[in-house]
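# Summary of structural features
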Amino acid sequence: MWHRLGQYILQYRIPLLLTLLVLTGFMGYQASRVQLSYDFARAIPTNNPKYKAYQDFRKKFGEDGNLLVIGIQTDKLFTEKIFNAYADLQRRLRKLPGVDDVVAVPSAVNLVKIPETEKLKADTIFADRTLTQAEIDSGSQTFLSLPFYKQLLYNPETKAWLMGVRINKDIMASRERLSIVQQIGGIADAFGTANNLTVYKSGLPHIRTELSLRITREMRFFIVASLVLSALILLLFFRSFTAMWLSLAVVLIGVIWSFATIQLFGYKISVLNALIPPLIVVIGIPNCIYFLNKYHTAYGETGDKKKSLVMMVDRMGVVTLFCNLAAAIGFAVFAITQSQILKEFGIVAGINIMLLFFISLIFIPAVLSFLPPPKTRHTKYLDNPQLNRWLDRLERWSLNHRPLIYGITLVLVAVSVAGTFKLKTLGFIVDDLPKEDKLYTDLRFFEKNFEGVMPLEILVDTKKKRGVLNLDNLNKIDSLSQYLNSIPGVARPLSITEGLKFARQAFFEGDSNSYSMPSSYDLPALAQYLNFKGDGSGTKNSFARLVTTFMDSNRQQARISVSMADVGSKRLPEILDSVGIRVNELFAPDKYDVQLTGTSVTFLEGSKYIINGLKDSIFWAFVLIALCMLYLFRSARILLCSLIPNIIPLLITAGLMGWAGIPLKPSTVLVFSVALGIAIDVTIRFLVNYKQELPRNNYDMKQTVIETIHGTGISIIYTSLVLIAGFIIFCFSGFDGTKALGWLTSLTLVTATFTNLVLLPAILISFVKMKK
């Protein structure tokens, strides 16, 4: 079959190349339309109850993750120069298109009782103009007497000040947010420079936008770096520009098709599938090396270019098919998980690795048929004395030191298994950022001074219209708010009760000691003051709208909005569980419906889905790859032999992670099924060659193993070096998770190369008996 296929490709090479060219042109057009994803993490299935609850919350109360915060730390805010500059910063930010509101000290309001109109008036504390020092001093005295703003807009102990910029939710879901967030950052940084102040920026809009920009930059860098590195290695191996450009053309076509696949499936470039194009380069180059290696070997045997090309397809077609199939399975198993972001990664990667096989199968022999035969210098690598000496050493080890090989292997496995028991699962929302990164240090500034910026929302449904305004329910909401405020890492909550406390303070002539929940005697008298009146200049937006957003229109549901630190996937469930216990104590489940939602909850749920999905994917990768191996070799013993050299590297990597304290998280669990799918390629190539050579050596197993080591060893070492070097590129990432993917996968591939060239031959000689 493969012999005839080789002849067919050569016979119809021109139509096949033209078809490939037209398809690549179409794919190039689709690739040009691909867009960047602006969703933070689509890890939860859309039918998940917590996902549905979060979407319902967003429809009712708006986006919880559209607040960008700007922080400064100074004890001179209320000096004339800095305060007026700070107020001007707020005014400039408000004028930006896409900014809905800006909350900060200069726009703070005070509630003033107007007995004549029986209403509370929201008065601005600081006039919206350049102020004198005396006006600033007067306003600051009023502002600092209002407990409502304490720990929300300022921290009195650390002299830290916060400005909140609320970005339009439609802008947040579009590419325009890149521009608006960068403009906000630029204006804020200019303020800091002019006043010799360090400006800290955080919040989900800033974090998401910065991550999106970094993903784009890194994706371009990885593609270029992987192409350049591959080109250098190919040139070093083959000493031929023709072989180099041929191989680069194959992977470039593959890269174009991978971008097009993302677009055709309606996906967008995320932090995960941005890795696919450089992975296509890394995985595609070994295909080219194996095809070229077999072509050069066949030409050395026959001296006929056409026969050599047919032999190349005949000998390497089935091997490369199953190698790509195994690699595709290693990625495609992610498609069976319930995490949307993993599904997309698995589908696109799996499809394109298989497409890469067909591109290589058609393009390489067709193009080589138009080129002159290889010269002696192009095939000199086949007789590399240094590599052959290494292969001789491997041969001697496999034949003469099998007990020692087994002993070392058992010790490594035992130590690795012990290390796996030390593995822990831990993840953070900004987990993959280096600790010295400004994005990370700015987040820690807000965690230190304001307990964090990650949104947690609690929705209390009283199941009765106007049930929120019942004093007993209000006291329960306030009691829950106070409990939340007592938890380390959780900021002071905002709810309708804080507005009532502020209103009560205004009712009692602004006395800060009156900032407390109204009693049953206060509430009837206070009710008439709860229709807020603006001053004609839009000040109603600053307080009245703020308070009313914490109830629905029927006053049946109340919202408690909390910001919290990025406490991680281990502590976050503990916090949520403790809050759940307190909720059940305050709100009887048969009378109330209380839900915990927001970005923090969806992150935790998404992390669980990703980790569990990745664990399942490893299992299915083993099963499906084992079935492929069983079909290919039709032998249970060979199947067992093929899996052992690939399980051990994964065990060693897992053990090293355990001993080194590297936690299991999405980026590190990804390593195992990816490395398995790639490392099994070496096993397939070795065993297929072993099976082909066995009859030619009259089933002399030792001689067959020797010839297989020498026949496949050079190409295995070359391709392993390409793969290892390709993954090492990821170590230059700005994301710790991508770095981990790079060095852990490289480590696994290094170990797999040794186990396949040392342990596998020893096992074949010791335990496998082939029938004639």
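No experiment lies behind these values; they were computed from the predicted model shown.

Turning our attention to the overall build of the protein chain. On a plain count of helices and strands, the protein chain comes out with 25 helices and ten strands. Residue pairs at least 24 apart in sequence account for 80% of intrachain contacts in the protein chain once pairs closer than 6 positions are excluded. For the protein chain, the exposed area adds up to about 32,400 Å²; of that, 58% sits on carbon and sulfur atoms. With 81 positive and 58 negative side-chain charges, the protein chain shows a spacing of 9 Å between the two charge centroids.

Here we come to empty space enclosed by the protein. According to the stated counting rule, one finds four cavities of 30 Å³ or more in the structure shown. Its boundaries defined by the atoms lining it, the largest cavity holds a volume of some 90 Å³. What lines the largest cavity is simply Ile283, Pro286, Asn287, Tyr290, Asn324, Ile678, Asp681, Val682, Arg685, Thr719 and Leu723. For the lining of the largest cavity, the secondary structure elements donating two or more residues are helix H10 (276-302), helix H23 (666-696) and helix H24 (701-728). Empty space within the second largest cavity amounts to approximately 70 Å³. Within the lining of the second largest cavity, the residues separate by chemical class into seven nonpolar, one polar and one charged.

What follows deals with the nonpolar core. In terms of nonpolar packing, the biggest core is built from 254 residues, with Tyr86, Leu93, Val105, Phe143, Tyr149, Ile184 and Ile684 touching the most fellow members. Per-element accounting of this core gives the leading share, 17 residues, to H23.

A contiguous nonpolar patch, built from Ile336, Phe619, Trp620, Leu624, Leu627 and Leu630 and spanning about 570 Å² of accessible area, is present on the exposed surface. If you trace the backbone, Phe619 turns up in helix H21 (residues 599-633).

Tracing the chain through its elements places Ile763 in helix H25 (residues 736-767). When its relative accessible area of 6% is taken as the criterion, Ile763 is described as buried. For the pair Ile763 and Cys641, spaced 122 residues apart in the sequence, the C-alpha separation amounts to 6.8 Å.

By the secondary structure assignment, Asp478 is in helix H16 (residues 471-485). Asp478 sits in the buried class, given a relative accessible area of 6%. Here the side chain of Asp478 touches Lys501 through a polar contact of 2.8 Å, side chain to side chain. Here Asp478 is in contact with Thr497, Glu498, Lys501 and Met517, once residues within four sequence places are set aside.

Here strand S6 (residues 160-167) lies mainly inside the structure; seven of its eight residues are buried. When strand S1 (residues 67-73) meets S6, the two strands line up antiparallel, connected through seven bridges. Bridge pairing links Leu68 to Val165 in S6. Where strand S2 (residues 99-103) and S6 come together, four bridges link them in antiparallel fashion. Of the residues in S6, the one forming a bridge with Val103 is Gly164. Note that strand S5 (residues 154-155) and S6 share two bridges and pair antiparallel. In the sheet register, Tyr154 faces S6, and the bridge partner there is Trp161. Linkage of S5 to S6, two consecutive antiparallel strands, is achieved through a turn of four residues, within which Lys159 is found at a positive phi near 60°.

About the thresholds
- Residues numbered from 1 in each chain as written.
- Predicted model: local features only at pLDDT ≥ 70, side-chain atom pairs only at ≥ 80, totals over all residues.
- Heavy atoms only, no water.
- Helix = DSSP H or I, 4+ residues; strand = E, 2+ residues; numbered from the N terminus.
- Contact = heavy atoms within 4.5 Å.
- Areas by Shrake-Rupley, 256 points an atom, 1.4 Å probe, with all protein chains shown as cover.
- Lys, Arg positive; Asp, Glu negative; His and termini not counted.
- Charge placed at Lys NZ, Arg CZ, Asp CG, Glu CD.
- 1 Å grid on protein atoms, 1.4 Å probe; cavity = no way out; pocket = protein on both sides within 12 Å on 5 of 7 lines; lining within 4 Å.
- Points joined across faces, edges and corners; volume = space filled by probe spheres on them.
- Nonpolar A, V, L, I, M, F, W, Y, C, P; charged D, E, K, R; others polar.
- Core = buried A, V, L, I, M, F, W, Y, C linked by side-chain atoms within 4.5 Å.
- Buried < 20%, exposed > 50% of the residue type's maximum accessible area, 1.4 Å probe, protein only.
- Patch = residues over 30% accessible without salt bridge, like charges linked within 9 Å, V, L, I, M, F, W, Y side chains within 5 Å.
- Salt bridge = Lys/Arg side-chain N within 4 Å of Asp/Glu carboxyl O.
- Polar contact = N/O pair within 3.5 Å; in protein donor to acceptor, adjacent residues only side chain to side chain.
- Pairing = 2+ DSSP bridges.

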